[in-house]
Amino acid sequence: MSTTEERWERIEALGFDYAAQEWMLVERCNLCGASAFTVLTHRDRYGFPATASACDRCGLVFLDPVMTATSYSRFYNGTYRPLVSAYHGRLIDARTIQGEQREYAADRGDLLARYLDGGGYRTMLDIGGSTGIVASALAERFGLKATVIDPAPLEAAEAQALGIETIEGLVEESDLGQRRFDVVIICQTVDHLLDVAGTLRRVRELLTDRGILFIDIVDFRAAYLRNWSVEEAVKIDHPYYFTESTMIAYLRRSGFEVLRTDYAPDHLHVSYVARPGAAAPDALPPPGDVRDLLREIRFVQNAPRP
Ligand SMILES: [Zn+2]
């Protein structure tokens, strides 16, 4: 049996019925509001019949239809980590990911140091903060009091065990009252959100005037180019697939000014350090980017792997 067949068997053994979930159709692009899309793919890397589309106007890529918040919350409560483990053929859970998260925190901390050292910052909110390892490492390094918001109960429990304030849920739905934070981090999380525009708007409100936002994306182009497969770059855990130009447009629309862009050592993630700036509510990727993206996708889908 080939490794690929073994992988399909492991995934099938989880018994996750993707087609039986609750669905929403995407009526409007979450970034620019347009409603004309191009369907790119019909299955994801796990073999599920997930359809990914690109917005014809701005080039944002997203699952359409997409599971509802209820279905995603069930998915994160028991399916997500076992599915990723089955895909990779090794155990990945709230405990095993901690070594990787510590390394990540050290690395991203180096990027943030020039903005946070000596800035007099006191509080940090980690959106999708998982086990709290990253929040706890950054909080210690920069003398911050950390709060973690995560929808997965098991991972929030790990964070709680570290003594970090944890809120189980989604940032758009959590009642934070009048609280504001000096630093907001959204680490390897934005691709998992259901409403990116709404979250970034909320983050802008939650951030103090001289606050700092850290956010990183899986660069969709890097993901399909490295495997020479668009399907392999699509996975049901990611409702969204960003390129550098769609993420920048999101940040500008939500009122952030990018201070630094960083290509991660893994060549897959791209990180942004940003601060509150003037909102450019009509910001779009540069003209030509959408056409170039769709052409490149067609090339990867049809030209022999180099
Ligand atoms: Zn759009």
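Our structure's up above, just so we're on the same page.
Below is a short write-up of the structure. (Residues numbered from 1 in each chain as written. Predicted model: local features only at pLDDT ≥ 70, side-chain atom pairs only at ≥ 80, totals over all residues. Heavy atoms only, no water.)

**Description of helix H3 (residues 80-88)**
Among the nine residues that make up H3, seven are buried, leaving the element largely enclosed by the rest of the structure. Listed in full, the buried residues belonging to H3 are Tyr80, Arg81, Leu83, Val84, Ser85, Ala86 and Tyr87. Of the residues flanking the end of H3, it is Gly89, one or two places downstream, whose phi is positive at about 75 degrees. (Buried < 20%, exposed > 50% of the residue type's maximum accessible area, 1.4 Å probe, protein only. Helix = DSSP H or I, 4+ residues; strand = E, 2+ residues; numbered from the N terminus.)

**Section: the packing of aromatic side chains**
The final tally for this structure, using the stated rule, is 18 aromatic pairs. Consider the rings of Tyr240 and Phe242, whose centres lie 6.0 Å apart with planes at 25 degrees: the pair is stacked. What makes Tyr240 buried here is its relative accessible area of 7%. Through a chain of ring-to-ring contacts, three or more aromatic side chains come together here, namely Phe16, Tyr18, Trp23, Tyr46, Phe48, Tyr72, Phe75, Tyr76, Tyr80 and Tyr87. For Arg45, the ring lying beneath its charged end belongs to Tyr87, and the centroid distance is 4.0 Å. (Phe/Tyr/Trp six-rings, centres within 6.5 Å; stacked < 30°, edge-to-face > 60°. Lys NZ or Arg CZ within 6 Å of the ring centre and 35° of its normal.)

**Quick notes on the coordination of the zinc ion**
In the first shell of the zinc ion, the protein supplies Cys29 (SG), Cys32 (SG), Cys55 (SG) and Cys58 (SG), at 2.2 to 2.3 Å from the metal. Taken together, the four donor atoms coordinating the zinc ion and their angles of 101 to 117 degrees define a geometry best described as tetrahedral. Read in sequence order, the donor residues for the zinc ion give the motif C-x2-C-x22-C-x2-C. In this pair, Cys29 is assigned in the loop between strand E1 (23-24) and strand E2 (37-41) and Cys58 in the loop between strand E3 (52-55) and strand E4 (61-63), connecting sequence segments 29 residues apart. In this structure Cys29 comes out as buried when scored by relative accessible area, which is 4%. The exposure class of Cys58 is buried, given its relative accessible area of 2%. (Donors = N, O, S within 2.8 Å, 3.2 Å for Na, K, Ca; no water. Tetrahedral: all angles 85-135°; square planar, octahedral: opposite > 155°, others 65-115°.)

**Considerations on the sheet that holds E3**
With respect to topology, four strands assemble into an open sheet ordered E2-E3-E4-E11, the strand pairing being antiparallel. Because the sheet does not close on itself, it has two edges, and the strands there are E2 and strand E11 (240-241). Here E4 runs beside E11; their pairing, made up of two bridges, is antiparallel. Opposite Val61, over in E11, you have Tyr241 as the bridge partner. (Pairing = 2+ DSSP bridges.)

**Brief notes about the side chain of His238**
Looking at the element boundaries, His238 is found in the loop between helix H8 (220-227) and E11. In this structure His238 comes out as buried when scored by relative accessible area, which is 4%. In terms of polar contacts, His238 uses its side chain to reach the side chain of His192, at 3.3 Å. With sequence-adjacent residues up to four places away left out, His238 is seen in contact with Leu63, Asp191, His192 and Val218. (Polar contact = N/O pair within 3.5 Å; in protein donor to acceptor, adjacent residues only side chain to side chain. Contact = heavy atoms within 4.5 Å.)

**Describing the pattern of salt bridges**
Applying the stated criterion across every chain, the model contains ten salt bridges. One salt bridge in this structure joins Arg141 and Asp110, with 2.8 Å as the shortest N-O distance. Taken together, the residues span a long stretch of sequence, with Arg141 in helix H5 (residues 133-142) and Asp110 in helix H4 (residues 98-116) at a distance of 31 residues. Take Arg141: its relative accessible area is 39%, and that puts it in the partly exposed class. The network of salt bridges with shared partners includes Asp107, Arg108 and Asp262. (Salt bridge = Lys/Arg side-chain N within 4 Å of Asp/Glu carboxyl O.)

**Here's the deal with the nonpolar core**
Buried together is how nonpolar side chains tend to be arranged in soluble globular proteins. Counting 39 residues, the largest nonpolar core has Leu63, Phe75, Phe220 and Ile236 as the members making the most contacts within it. Among the elements that take part in this core, H3 stands out by supplying five residues, more than any other. Membership of the second largest hydrophobic core comes to 38 residues, among which are Leu31, Cys32, Phe181 and Ile217. (Core = buried A, V, L, I, M, F, W, Y, C linked by side-chain atoms within 4.5 Å.)

**Examining H4**
Here H4 spans only 24 Å end to end across 19 residues, well under the 27 Å set by a 1.5 Å rise per residue. The largest bend in H4 is about 40 degrees, located at Asp110. Restricting attention to buried positions, one finds in H4 the residues Gln98, Gln101, Tyr104, Ala105, Arg108, Gly109, Leu111, Leu112, Ala113, Tyr115 and Leu116. Note on H4: the residue one or two positions beyond its end, Gly118, has a positive phi of about 70 degrees. (Expected span 1.5 Å × (residues − 1). Bend = angle between axes of the 7 residues up to and from the residue.)

**Some thoughts on a negative patch on the surface**
On the surface, Glu5, Glu6, Glu9 and Glu12 cluster together to form a negatively charged patch. Here Glu12 lies in helix H1 (residues 3-13). (Patch = residues over 30% accessible without salt bridge, like charges linked within 9 Å, V, L, I, M, F, W, Y side chains within 5 Å. Areas by Shrake-Rupley, 256 points an atom, 1.4 Å probe, with all protein chains shown as cover. Lys, Arg positive; Asp, Glu negative; His and termini not counted. Charge placed at Lys NZ, Arg CZ, Asp CG, Glu CD.)

**Examining the pairing of strand E7 (residues 145-150)**
Burial runs high along E7: five of the six residues are buried. As judged from the five bridges shared by strand E6 (residues 123-127) and E7, these two strands associate in the parallel manner. Bridging across to E7, Ile127 finds its partner in Ile149. A crossover connection joins E6 to the parallel E7 through H5; in handedness this β-α-β unit is right-handed. Across four bridges, E7 lies against strand E8 (residues 165-168) in parallel orientation. Within E8, the position partnered with Asp150 by the bridge is Glu168. (Right-handed = clockwise from strand over helix to strand, strands pointing away.)

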